[in-house]
Protein chains: 4
Amino acid sequence: MNVERLQDRLRQFAEERDWVQFHTPKNLVMALSVEASELLEIFQWLTPEESQEVMASPRAEEVKGEVADILIYLLRLTDVLGVDLDAVVAEKIGNNASRFPAVDL
Amino acid sequence: MNVERLQDRLRQFAEERDWVQFHTPKNLVMALSVEASELLEIFQWLTPEESQEVMASPRAEEVKGEVADILIYLLRLTDVLGVDLDAVVAEKIGNNASRFPAVDL
Amino acid sequence: MNVERLQDRLRQFAEERDWVQFHTPKNLVMALSVEASELLEIFQWLTPEESQEVMASPRAEEVKGEVADILIYLLRLTDVLGVDLDAVVAEKIGNNASRFPAVDL
Amino acid sequence: MNVERLQDRLRQFAEERDWVQFHTPKNLVMALSVEASELLEIFQWLTPEESQEVMASPRAEEVKGEVADILIYLLRLTDVLGVDLDAVVAEKIGNNASRFPAVDL
């Protein structure tokens, strides 16, 4: 995944539709949270076992669409904020490794 | 960003901590939504203008941490579901281009 | 508002539709969160000023519907959990009064 | 539950702390959604069965606190919006009764 190229494309997409005025960090964070909840809605009444079969269910396409929307808003948000997505994920994974030591299984 | 390599690393991380039992799609979607809301919490009382300055504020590091957590759960979820993140984002951007035509500015 | 009478009615409603099997605390909390996000969706692109005029907008009925759904799931959840809604709110308001002293304006 | 009396008390509470400036409908909806997710966080890794025992767990007090916060923001929001909480819930329950007929069990 080329994060910068996707962010360029999404920025241009917003500019061409005069949406930049709406894309404050506050609004983009709301939109991201709303998309995450639309994904949650698909799973809310499923048992744990049913949730594991969701991609073989009639709602599989919806799951893909919501997952894409979440990533799109995350890319747009980090572009607007100037946050380096690759760097923050690498740092967090490093921190988690110290914070949660592996266990003997 | 190498999505597959990150997903491999996160899968191994979960296995080494005996967390795979908790990582049903249903639970991962909940965790993703919770992280999105932790980001929302940072912005809830900010004006639109203040939200644009958040990376120069004392909460900048928290923003980075939440953004990373959202991406980590999204990577883990799509790995468990077998969803190709690159493909669904490319498809969604294509669909949005047809759905929302560019305007004359 | 008669909380107990509403809870009785909602419990009977769920029983008559064979929904009790789905109404675990975990699922009801997810549903409550989803409804809160459907309300959020209405406000995501509004300016603070526009949000103050939402009840004079075409989305006023939707706002009412989402507000009702949030309360309905909150009543159902607290019934299933055996939490006394009146008591916990009274206690929280008391705690907030100590935690956040009034200021001289 | 006396909805109006609680709303009066919460309005006065906000006024005495100079918080009314922050209590736009948009911000209150964000806060409500954040509180719903803090409740979700408690349940995210629980099995359905564990979620039914949460009030006998060490997190019971947290559940009560989050439930109270959700109701408090819902009361504050509907006060600011001028939405009659009793009326919208009664209407929604009526609509649901027509929309979802009872089944023969």
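These numbers come from a predicted model, not from an experiment.

**Some points on the relation of the copies chain D and chain B**
The transformation that overlays chain D on chain B combines an axial shift of 0.0 Å with a rotation of 180°, and the residual RMSD is 0.0 Å. What the rotation and shift describe, once combined, is the action of a two-fold rotation axis. When each C-alpha of chain D is compared by its distance to the rotation axis, D:Ser37 comes out closest, at 3.1 Å. The fraction of interface residues of chain D whose copies in chain B are also interface residues reaches 100%, indicating that both copies meet through the same surface.

**Thoughts on the confidence of the model for chain A**
Of all residues in chain A, 99% attain a pLDDT of 70 or more, and the chain-wide mean is 96. Across the interface, the model reports ipTM at 0.96; the global pTM reads 0.96.

**Focus on the interface of chain A and chain B**
Listed per partner, the contact involves 58 residues of chain A and 58 residues of chain B. Roughly 5100 Å² is buried in total at the junction of chain A and chain B, and carbon and sulfur atoms are behind 76% of that figure. Contact with chain B buries surface across chain A, with A:Met1, A:Lys26 and A:Ile93 losing the most and accounting together for 13% of the total. Summed over the shared surface of chain A and chain B, the result is 2 salt bridges. The salt bridge partner of B:Lys92 is A:Asp69, with a shortest N-O separation of 3.2 Å. Between the two partners, chain A and chain B, sit 17 residue pairs in polar contact (both at pLDDT 80 or more). Listed by contribution, the elements that provide at least two residues to the side of chain A that touches chain B are α1 (3–16), α2 (25–43), α3 (48–52), α4 (60–81) and α5 (85–99) of chain A. Take the side of chain A that touches chain B: its biggest share by element is 13 residues, from α4(A). For the side of chain A that touches chain B, the per-class residue count stands at 39 nonpolar, 9 polar and 10 charged.

**What to know about the environment of B:Met30**
Position of B:Met30 relative to the elements: it lies in helix α2 (residues 25–43). Residue class for B:Met30 comes out buried when judged on its relative accessible area of 0%. Along the backbone, B:Met30 and B:Tyr73 are 43 residues apart, and their C-alpha atoms lie at a distance of 9.6 Å. Those residues in contact with B:Met30 that lie beyond four places of it in its chain are A:Leu40, C:Lys26, C:Met30, D:Leu40, D:Phe43 and D:Gln44.

**Structural notes on the relation of the copies chain A and chain B**
After a rotation of 180° and a shift along the axis of 0.0 Å, chain A superposes on chain B with an RMSD of 0.0 Å. Interface overlap between copies is the fraction of interface residues in one copy that are interface residues in the other; for chain A against chain B it reaches 100%, indicating a shared surface.

**What about helix α5 (residues 85–99) of chain B?**
End to end, α5(B) covers 21 Å across 15 residues, agreeing with the expected 21 Å (1.5 Å per residue, within 8%). Of the surrounding secondary structure, the elements contacted by the buried residues of α5(B) are α1 and α4 of chain A together with α1 (3–16) and α4 (60–81) of chain B.

**A short note on α2(A)**
If you check α2(A), its first and last C-alpha atoms are 28 Å apart, about what 19 residues at 1.5 Å a residue would give, namely 27 Å. Across the 19 residues of α2(A), 17 count as buried, placing the element largely inside the fold.

**So, the packing of α5(A) against α4(B)**
Direction vectors running N to C along α5(A) and α4(B) enclose 85°, while the axes themselves pass 9 Å from each other. Classified by the angle their axes make, α5(A) and α4(B) are roughly perpendicular. Contacts between α5(A) and α4(B) involve A:Leu85, A:Val88, A:Val89, A:Lys92, A:Ile93 and A:Asn96 from the first element and B:Lys64, B:Gly65, B:Val67, B:Ala68, B:Asp69, B:Leu71 and B:Ile72 from the second. For the contact of α5(A) with α4(B), the residue count by class is 8 nonpolar, 2 polar and 3 charged.

**What about the interface of chain D and chain B?**
If you look at the interface, chain D gives 16 residues, while chain B gives 16 residues. The interface formed by chain D and chain B contains 0 salt bridges. Summed over the shared surface of chain D and chain B, the number is 1 residue pair in polar contact (both at pLDDT 80 or more). A per-element tally of the side of chain D that touches chain B places helix α2 (residues 25–43) of chain D first, with 10 residues. Residue composition of the side of chain D that touches chain B, by class: 10 nonpolar, 5 polar and 1 charged.

**Quick look at unusual backbone geometry**
All names here are of chain A. Here aspartate 18, not a glycine, exhibits a phi torsion of approximately 60°, which is positive. Within the fold, aspartate 18 resides in the loop between α1 and α2. Exposure remark for aspartate 18: the relative accessible area of 41% places this residue in the partly exposed category.

Each value, and the rule that gives it
- Residues numbered from 1 in each chain as written.
- Chains lettered and ligands numbered in written order.
- Predicted model: local features only at pLDDT ≥ 70, side-chain atom pairs only at ≥ 80, totals over all residues.
- Heavy atoms only, no water.
- Least-squares fit on C-alpha atoms with pLDDT ≥ 70 in both.
- Contact = heavy atoms within 4.5 Å.
- pLDDT = per-residue confidence, 0-100.
- Buried area = accessible area lost by both parts, 1.4 Å probe.
- Salt bridge = Lys/Arg side-chain N within 4 Å of Asp/Glu carboxyl O.
- Polar contact = N/O pair within 3.5 Å; in protein donor to acceptor, adjacent residues only side chain to side chain.
- Helix = DSSP H or I, 4+ residues; strand = E, 2+ residues; numbered from the N terminus.
- Nonpolar A, V, L, I, M, F, W, Y, C, P; charged D, E, K, R; others polar.
- Buried < 20%, exposed > 50% of the residue type's maximum accessible area, 1.4 Å probe, protein only.
- Expected span 1.5 Å × (residues − 1).
- Axes fitted to C-alpha atoms, helices over the stretch in contact; angles between N-to-C directions.
- Parallel < 35°, antiparallel > 145°, perpendicular 65-115°, else oblique.

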